[in-house]
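Descriptive analysis of the structure
Below are the chains, spelled out letter by letter.
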Amino acid sequence: MKKLCTIIGLLAMFSFSAQAQSTVRVDGGGGGLAYDKGDKIIQLGLGLGRAVGGGWAYGGGLGISFNGAFEYGLHEYFSVGPYAAFGRYSYGFAFEDYSLTAVAVGARGSFHYTSLLNEIADTNIDEEKLDLYVSVLLGLEFFSTNIDNDLLNYNTTRFDGGALFGGRYKLNPRVAVFSELGYAGLSVWTIGVSFHL
């Protein structure tokens, strides 16, 4: 667990620490920027910090979820697309085996503000490498429990909505690492890899 936390911490620091010279924007997508209008991005991540079903932990364990998203760049500042997440947690408790499974699906919209930050705050962030964004997610969560005692089993659906701050650091023209913080899609902290199509 210590090794996993170390790797996650390094990825998060790496994804937010890159600052260099600002770049000239090339419109139309594929201009070499970390994010641009017309971009098509697939994101695959590992979510941490919220057990499926609610709270920061459930039964003394840390919640882990797997998630994916697709983004399409509508504008130099805005992208939209679907997301999905899956999480499962199980353990033995009081002579019973317990498991909880959750699935979240919905849509997300993101505001990419790296170039705006460079202009307004006179920063020097390298827009070819670093994409900073805020996302809003709206969707549904589907939960199912399985306990040895059948009387306690249930299935439920509830609203899934939240906001997050994210950063994506481009390793090469097609691959980037990302980190997102804020509740959405079954977790409060997500790290992963994204692919520019």
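Quick caveat: nothing in here was measured; it's all calculated off a predicted structure. (Residues numbered from 1 in each chain as written. Predicted model: local features only at pLDDT ≥ 70, side-chain atom pairs only at ≥ 80, totals over all residues. Heavy atoms only, no water.)

Overview of the pairing of strand β9 (residues 175-184)
Pairing of strand β8 (residues 155-170) with β9 involves 6 bridges; the strand directions are antiparallel. When the bridges of β9 are listed, Tyr169 appears paired with Val177. The hairpin formed by β8 and β9 contains 4 residues between the paired strands. Bridge count between β9 and strand β10 (residues 187-196): 8 bridges; the pairing is antiparallel. Across the sheet, residue Ser179 finds its bridge partner in β10, namely Ile191. The loop that links β9 with its antiparallel partner β10 comprises 2 residues; one of these, Gly185, has a positive phi angle of about 60 degrees. (Pairing = 2+ DSSP bridges. Helix = DSSP H or I, 4+ residues; strand = E, 2+ residues; numbered from the N terminus.)

A short note on the packing of aromatic side chains
Considering all chains together, one arrives at 3 aromatic pairs under this definition. With a centroid separation of 5.4 Å and 45 degrees between ring planes, the pair formed by Phe78 and Phe111 is classed as tilted. Linking Phe78 in strand β5 (residues 78-93) with Phe111 in strand β6 (residues 96-112), this pair joins segments that are 33 residues apart in sequence. Among the residues examined, Phe111 registers a relative accessible area of 26% and is labelled partly exposed. (Phe/Tyr/Trp six-rings, centres within 6.5 Å; stacked < 30°, edge-to-face > 60°. Buried < 20%, exposed > 50% of the residue type's maximum accessible area, 1.4 Å probe, protein only.)

What about unusual backbone geometry?
Residue Asp122 is not a glycine yet carries a positive backbone phi of 55 degrees. Inspection of the secondary structure assignment puts Asp122 in the loop between α2 (114-120) and β7 (130-147).

Digging into empty space enclosed by the protein
What the rule picks out here adds up to 2 cavities of 30 Å³ or more. Counted as a void, the largest cavity has a volume near 130 Å³. Put simply, the parts of the chain that give the lining of the largest cavity at least two residues each are β4 (64-73), β5, β9 and β10. Taken together, the residues that form the lining of the largest cavity break down as 8 nonpolar, 7 polar and 2 charged. (1 Å grid on protein atoms, 1.4 Å probe; cavity = no way out; pocket = protein on both sides within 12 Å on 5 of 7 lines; lining within 4 Å. Points joined across faces, edges and corners; volume = space filled by probe spheres on them. Nonpolar A, V, L, I, M, F, W, Y, C, P; charged D, E, K, R; others polar.)

A few points about a nonpolar patch on the surface
The grouping of Ile64, Phe66, Phe86, Val103, Val105, Leu140 and Phe142 at the surface amounts to a nonpolar patch, some 550 Å² of accessible area in total. Counting only elements with at least two residues in the nonpolar patch, the list comes to β4, β6 and β7. According to the relative accessible area criterion, Leu140 is partly exposed, its value standing at 38%. (Patch = residues over 30% accessible without salt bridge, like charges linked within 9 Å, V, L, I, M, F, W, Y side chains within 5 Å. Areas by Shrake-Rupley, 256 points an atom, 1.4 Å probe, with all protein chains shown as cover. Salt bridge = Lys/Arg side-chain N within 4 Å of Asp/Glu carboxyl O.)

Here we look at the environment of Val105
Considering the arrangement of structural elements, one finds Val105 in strand β6. With 36 residues separating them in the primary sequence, Val105 and Glu141 have C-alpha atoms 6.7 Å apart. Beyond its immediate stretch of four places on either side in the chain, Val105 contacts Tyr83, Ala84, Gly139, Leu140 and Phe142. (Contact = heavy atoms within 4.5 Å.)

Points about the side chain of Gln43
With respect to the element layout, Gln43 can be found in strand β1 (residues 40-48). At 3.0 Å, the side chain of Gln43 and the side chain of Glu180 are in polar contact. (Polar contact = N/O pair within 3.5 Å; in protein donor to acceptor, adjacent residues only side chain to side chain.)

So, the pattern of salt bridges
Following the criterion strictly, the structure yields 4 salt bridges and no others. The partner of Arg108 in a salt bridge is Glu180, with the nearest N and O atoms 2.9 Å apart. Taken together, the residues Arg108 in strand β6 and Glu180 in strand β9 connect sequence positions 72 residues apart. Like Arg108, the residue Glu180 is buried in the burial classification. The partner of Glu141 in a salt bridge is Arg158, with the nearest N and O atoms 2.8 Å apart. Linking Glu141 in strand β7 with Arg158 in strand β8, this pair joins segments that are 17 residues apart in sequence. Taking the relative accessible area as the measure of exposure, Glu141 reaches 0% and is therefore buried. Classification of Arg158 by relative accessible area gives partly exposed; the value is 35%.

Looking at the confidence of the model for the protein
Across the protein, the average pLDDT comes to 78, with 71% of residues at or above 70. Averaged over each element, pLDDT in the protein is lowest for strand β2 (residues 57-58) (40) and highest for β1 (94). pLDDT under 50 marks residues 3-30. Its contacts with residues more than four places away, or in other chains, come to 56 contacts. (pLDDT = per-residue confidence, 0-100.)

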